[in-house]
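# Geometric and topological summary
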Amino acid sequence: MPLSIPARALLQRLRPWLSKAVHVRWTLNRSFYQREADALLTALSSYQGRMPPELTLRLEGFRGRLHREWFPRSWRTHSTYAEVVRDFRWWLDIAERWSEPPKRSRRTTVRAKRPTEPPSKQPARLLSILDLPRNCSRTQFLKAWRRFLKDNHPDLHPGQSLEERRRFAEAVALWRR
């Protein structure tokens, strides 16, 4: 006689999947299997050790019938009870692994690096006027250049000093288009 604890553990793992894994060619409605699993779990809850022979036969019959419905006919032609239990455990291991949300490793939580942008290819003196590093990208340079033009253009700021106008003229002369 089998022990009730492993049988109960397998039925508890199998119970949620009875409503999900159903095929149109099943001969019995899935609600039958759900009711039978509930009844077996209720009966197994009162036993801690070995099960009586009637309950053992009922459990083996339930698993055998469910195995014939669940797995294709070509899976195993004449399977033993141990093979039936092994098949269900194998299927449940796979199904539970598939249903888990994907694990996020530290590598996936770190933002992926953007593709490297081409360097600005501007003179070092111009980059120092704009307070940019030598290895800045084109987009960084254009952003800083537009801000510089807006803040220092003589037409927008008519009251500039001679030094500010000279600095603006030098920057425009250094700019590579």
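Now for a look at the structure at hand. (Residues numbered from 1 in each chain as written. Predicted model: local features only at pLDDT ≥ 70, side-chain atom pairs only at ≥ 80, totals over all residues. Heavy atoms only, no water.)

## Considering the packing of helix α7 (residues 138–152) against helix α8 (residues 162–174)
- The geometry of α7 relative to α8 is characterised by a closest axis approach of 11 Å and an angle of 150° between their N-to-C directions. Relative to α8, α7 is oriented roughly antiparallel. At the point where α7 passes α8, the crossing takes the left-handed sense. Two secondary-structure elements touch here, α7 through W145, F148, L149 and N152 and α8 through R167, F168, A171 and V172.
- For the contact of α7 with α8, the per-class residue count stands at 6 nonpolar, 1 polar and 1 charged. (Axes fitted to C-alpha atoms, helices over the stretch in contact; angles between N-to-C directions. Helix = DSSP H or I, 4+ residues; strand = E, 2+ residues; numbered from the N terminus. Parallel < 35°, antiparallel > 145°, perpendicular 65-115°, else oblique. Left-handed = near helix turned anticlockwise from the far one by under 90°. Contact = heavy atoms within 4.5 Å. Nonpolar A, V, L, I, M, F, W, Y, C, P; charged D, E, K, R; others polar.)

## Observations regarding the environment of R76
- If you trace the backbone, R76 turns up in the loop between α3 (53–70) and α4 (81–99).
- The class of R76 is partly exposed, set by a relative accessible area of 31%.
- Sequence spacing of R76 and D87 is 11 residues, and the spatial spacing of their C-alpha atoms is 9.8 Å.
- Every residue in contact with R76, bar those within four places of it in the chain, is listed here: E83, R86 and D87. (Buried < 20%, exposed > 50% of the residue type's maximum accessible area, 1.4 Å probe, protein only.)

## Observations regarding unusual backbone geometry
- Even without glycine at this site, K121 takes up a positive phi of about 55°.
- Residues other than glycine seldom take positive phi values, yet D131 does so here, at roughly 60°.
- With respect to the secondary-structure elements, D131 resides in the loop between α6 (124–129) and α7.
- Residue D131 is classed as exposed on the basis of its relative accessible area, which comes to 69%.

## Re the pattern of salt bridges
- Here the structure, examined in full by the defined rule, presents 7 salt bridges.
- In this structure, E36 engages R58 in a salt bridge whose closest nitrogen and oxygen atoms are separated by 2.8 Å. Pair noted here: E36 is in helix α2 (residues 30–44) and R58 is in helix α3, with a separation of 22 residues, a long-range link.
- With relative accessibility at 16%, the residue E36 sits in the buried group.
- Taking relative accessible area as the criterion, R58 reaches 37% and is therefore assigned partly exposed.
- For R125, the salt bridge is made with E170, and the minimal N-O distance between the two is 3.0 Å. Here E170 lies in helix α8 and R125 lies in helix α6, a separation of 45 residues in the sequence.
- Since its relative accessible area comes to 44%, R125 is described here as partly exposed.
- Each of R125, E163, R166 and E170 takes part in a single network of salt bridges with overlapping partners. (Salt bridge = Lys/Arg side-chain N within 4 Å of Asp/Glu carboxyl O.)

## Some details on the nonpolar core
- Counting residues in hydrophobic clusters, the biggest one holds 24 residues, and the most contacted among them are L11, L14, L18, F62, L66, W70 and F88.
- Top element by residues in this core is helix α1 (residues 4–18). It accounts for 6 residues. (Core = buried A, V, L, I, M, F, W, Y, C linked by side-chain atoms within 4.5 Å.)

## Remarks on the layout of surface pockets
- Volume-wise, the second largest pocket comes out at about 220 Å³.
- Lining the second largest pocket we find 15 residues, and of these H67, R68, R76, T77 and S79 sit closest to its centre.
- Elements with a contribution of two residues or more to the lining of the second largest pocket: α3 and α4.
- Looking at the lining of the second largest pocket, the element that brings in the most residues is α3, giving 5 residues.
- Split into classes, the residues belonging to the lining of the second largest pocket amount to 4 nonpolar, 6 polar and 5 charged. (1 Å grid on protein atoms, 1.4 Å probe; cavity = no way out; pocket = protein on both sides within 12 Å on 5 of 7 lines; lining within 4 Å. Points joined across faces, edges and corners; volume = space filled by probe spheres on them.)

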